[in-house]
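# Descriptive structure summary
Chain by chain, the residues run as shown.
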Amino acid sequence: MARLTRAETQERNRGKVLAAARAEFAERGFREAKIDDIADRAELTRGAVYSNFPGKRALYFAVLADLAERVPVTAPEEPALTVREALGELARAWVTRLPLATEGEREPSRLSMHLIPEILADEVTRRPYAQLMQLNAVLLGLAMERLRPPREPDGRLVRLAESVLTVLQGATQLTAAAPGFVDPFNVIRVCEQLADLDLGDRWAPAPLLPRVRETDEPWKPPPGALDAVAGAPARLERDGVVAVLGLHRLSAVEDVVRAAPAGAEVTAVVVTGAPKELLPLARLVLAEVSRCLRQAFSRPAWPRLRVVYDESGALAAAAGVAEPGDGTEVALRVQSGRIVVRADGYGAGHAAAERR
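Residues numbered from 1 in each chain as written. Predicted model: local features only at pLDDT ≥ 70, side-chain atom pairs only at ≥ 80, totals over all residues. Heavy atoms only, no water.

What follows is about the UniProt feature "DNA-binding region" (unreviewed entry) in the protein. Here the UniProt feature "DNA-binding region" (unreviewed entry) sits at residues 34–53. Within the segment residues 34–53, helix and strand shares are 75% and 0% respectively, and the terminal C-alpha atoms sit 14 Å apart. (UniProt positions renumbered as here; feature names shortened; annotations may be inferred. Helix = DSSP H or I, 4+ residues; strand = E, 2+ residues; numbered from the N terminus.)

So this is what it looks like as structure tokens:
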């Protein structure tokens, strides 16, 4: 048998730790689970667990993210033609994942019941979570706008998307806290009714002044990037706008999409100063909504936005960002394999996207 490389050994051990942690969390619950017991289940040392995950919370996020990304996605048999139809399908896809009232606290379906308390534990997780939810609202809002373009030039449906996500997230929390209280069919009907709301939503870019300069540099992104929204490879070499965004700046992605020329590829590269703990959280939160989007909206209605996670920092480095952090906002205009515009600072995404 060929000897495993260091990278292969680390990947194998990571998989063993995730499997052991999932079993431990399901059997004992997140609160009672111990790192030492997870290491014993995985037949590894405590140090091997910590070499892959900085703590139990990070491991918990990674287990939930891995499960969320593995949920099979069923494309709609008939494309939704209206926002009402799409929201009904979205809610239906969401509630099918909710645990049943008859399932016990230790059932695998209830693994995520401690997620919100852990997010609320400190600012390190609360602030990124708020931005991740805003990113989800932007994705859903943009998809709805493909079905029902706003009447006004600056109109948008992002606030409507926020309302829908509020209902769905509330249903998830109440299902965990009060088993039997939530009626899934009512949740679906409520989301369908929300489609008719007019919240007077308008988009206006923030008056920010980033550093912008024209340039002529090669654009050579590393291969293997995966679009978390579509669940498919992302070809980053194409012409368009690439925005490297820290977890505190994700909402800026809407400015990029709305300012970019029609047909231009828009990619958000998500970075953070704590990738081992916070990128699993990002993967989890985005996977929950992306899965439902793909089941409710046909491909032509998907938002014109790709989201790529950059755990290693290789993509950020290709974009000239040496030390990416949660407050990072750097954007590039790419044409014919060259970086022709570079912007840095708050508002960089909008500035690079609107530059013709």
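Estimates place the volume of the largest pocket at around 840 Å³. Every residue lining the largest pocket is counted, 36 residues in all, and those nearest its centre are E69, L226, R283, Y309 and E311. When contributions to the lining of the largest pocket are tallied by element, the ones reaching two or more residues are α1 (6–32), α3 (46–52), α4 (56–70), β2 (226–227), α11 (275–296), β6 (306–309) and α12 (314–318). With 10 residues, the top contributor of residues to the lining of the largest pocket is α11. In the lining of the largest pocket, the residues fall into 19 nonpolar, seven polar and 10 charged. (1 Å grid on protein atoms, 1.4 Å probe; cavity = no way out; pocket = protein on both sides within 12 Å on 5 of 7 lines; lining within 4 Å. Points joined across faces, edges and corners; volume = space filled by probe spheres on them. Nonpolar A, V, L, I, M, F, W, Y, C, P; charged D, E, K, R; others polar.)

A few words now on the packing of helix α5 (residues 83–95) against α11. Packing of α5 against α11 brings their axes to within 8 Å, and their N-to-C directions diverge by 130 degrees. By the angle between their axes, α5 is oblique relative to α11. You can see that α5 and α11 cross each other, and the crossing is right-handed. Each of A86, E89, L90, A93 and W94 in α5 lies in contact with α11, whose residues at this interface are E288, V289, R291, C292, L293, Q295 and A296. For the contact of α5 with α11, the residue count by class is eight nonpolar, one polar and three charged. (Axes fitted to C-alpha atoms, helices over the stretch in contact; angles between N-to-C directions. Parallel < 35°, antiparallel > 145°, perpendicular 65-115°, else oblique. Left-handed = near helix turned anticlockwise from the far one by under 90°. Contact = heavy atoms within 4.5 Å.)

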